[in-house]
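A look at the structure
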Amino acid sequence: GAVVSQHPSWVICKSGTSVKIECRSLDFQATTMFWYRQFPKQSLMLMATSNEGSKATYEQGVEKDKFLINHASLTLSTLTVTSAHPEDSSFYICSARGGDGYTFGSGTRLTVV
Amino acid sequence: GENVEQHPSTLSVQEGDSAVIKCTYSDSASNYFPWYKQELGKRPQLIIDIRSNVGEKKDQRIAVTLNKTAKHFSLHITETQPEDSAVYFCAARPPGFGNEKLTFGTGTRLTIIP
């Protein structure tokens, strides 16, 4: 079946630094990638939608200059959290759409100290 | 935009009994309704989905029903087992094959009591 590889699975960074999260579709072409943020015991909140080769569409309230999304190829999308602060600590998860289905990455737990 | 409500937020069921989780959606154009199971710290896994041209779908112990008129759909798990304990999310999506996004419900934490 379709597989999305997400790395890293967890990361601890210092406040003020940037962190890059990668999602790769291993056996299909991801025409669209969705990036979510999930707080403990809460639902998945969509941050942005990206299509290969075009700018991402951000949800209301999400700072596009803070959460940089790049979708340079049909198999790779990255989310960079710039100038991270403790309130950015969360579980970030990608979801790739290929065809009619959605495949989730394994998630990245970001802790900013 | 689409709004999905999910109930209950928590559900405890004796092992072997059935569990039912309900969702309502607001956009009558939505035509795809998946259900995901998420274990702690892991990715959501699709367990079953239904499209708007079908009223019910079953897969072994899991079934989903859809009432388009009332704009609600439900997940039914029969003969529950301890490994069914997890958080379950419903979602809805409008038609298309582009970048249409899933709108998720708030989740139901299901606990199976041995």
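Placed above this text is the structure.
Residues numbered from 1 in each chain as written. Chains lettered and ligands numbered in written order. Predicted model: local features only at pLDDT ≥ 70, side-chain atom pairs only at ≥ 80, totals over all residues. Heavy atoms only, no water.

1. Focus: the state of the cysteines
The cut-off we apply is this: Sulfur atoms of two cysteines make up a disulfide when they are within 2.5 Å. Numbering of helices and strands starts at the N terminus; helices are DSSP runs of H or I of at least 4 residues and strands are runs of E of at least 2. Only protein chains enter the calculation, and the probe is 1.4 Å; a residue is then buried if its accessible area is under 20% of its type maximum, exposed if over 50%, and partly exposed in between.
Considering all chains together, one arrives at 2 disulfides over all chains under this definition. There is a disulfide in this structure between A:Cys23 and A:Cys94, and the S-S distance comes to 1.8 Å. Taking the torsion about the sulfur-sulfur bond, which here is approximately -95°, the covalent link between A:Cys23 and A:Cys94 counts as left-handed. Here A:Cys23 is found in strand 3 (residues 19-25), whereas its partner A:Cys94 is found in strand 9 (residues 90-98), with 71 residues between them in sequence. On the basis of relative accessible area, A:Cys23 is assigned to the buried category, the value being 0%. Assessed through its relative accessible area of 0%, A:Cys94 is described here as buried. A sulfur-sulfur separation of 1.9 Å characterises the disulfide bridge that pairs B:Cys23 with B:Cys90.

2. Considering the interface of chain B and chain A
This is how the line gets drawn: Note on contacts: a residue pair qualifies if any of its non-hydrogen atoms lie within 4.5 Å across the two residues. Note: buried area is the sum, over both parts, of the accessible area (probe 1.4 Å) each one loses when the two are combined. Just to be clear on terms, a salt bridge is a Lys or Arg side-chain nitrogen sitting within 4 Å of an Asp or Glu carboxyl oxygen. For this scheme, ten residues count as nonpolar: Ala, Val, Leu, Ile, Met, Phe, Trp, Tyr, Cys and Pro. Four count as charged, namely Asp, Glu, Lys and Arg, and the remainder, Gly too, count as polar.
Each partner contributes residues to the interface: chain B has 21 residues there, and chain A has 22 residues. With both chains or domains summed, chain B and chain A bury close to 1800 Å², and 50% of this area falls on carbon and sulfur atoms. The tally of links between chain B and chain A comes to 2 salt bridges. Sorting elements by how many residues they give to the side of chain B that touches chain A places strand 4 (residues 32-38) of chain B first, with 3 residues. Of the residues belonging to the side of chain B that touches chain A, the class tally is 7 nonpolar, 7 polar and 7 charged.

3. A closer look at the pattern of salt bridges
Overall, the coordinates contain 7 salt bridges over all chains when judged by the stated rule. For B:Lys37, the salt bridge identified is with B:Glu39, shortest N-O distance 3.9 Å.

4. Brief notes about the sheet that holds strand 7 (residues 67-73) of chain A
Within a sheet, adjacent strands bond to each other through the backbone by hydrogen bonds, running parallel or antiparallel. All names here are of chain A. We count it as follows: At least two bridges found by DSSP between two strands are what make those strands a pair. Here an axis means a line fitted to C-alpha atoms, over the contact stretch when the element is a helix, while the angle between two N-to-C directions is reported on a 0 to 180 degree scale.
Reading across the sheet, the 4 strands line up as 1-3-8-7 and stay open at both edges, with antiparallel pairing between neighbours. With one partner strand each, in any of the chains shown, strand 1 (4-7) and strand 7 form the two edges of the open sheet. Within this sheet the neighbouring strands show an average axis-to-axis angle of 15°, counted without direction. Inspection of the sheet shows strand 3 paired to strand 8 (residues 76-81) by 6 bridges, in the antiparallel sense. Counted as the bridge partner of glutamate 22 is threonine 78 from strand 8.

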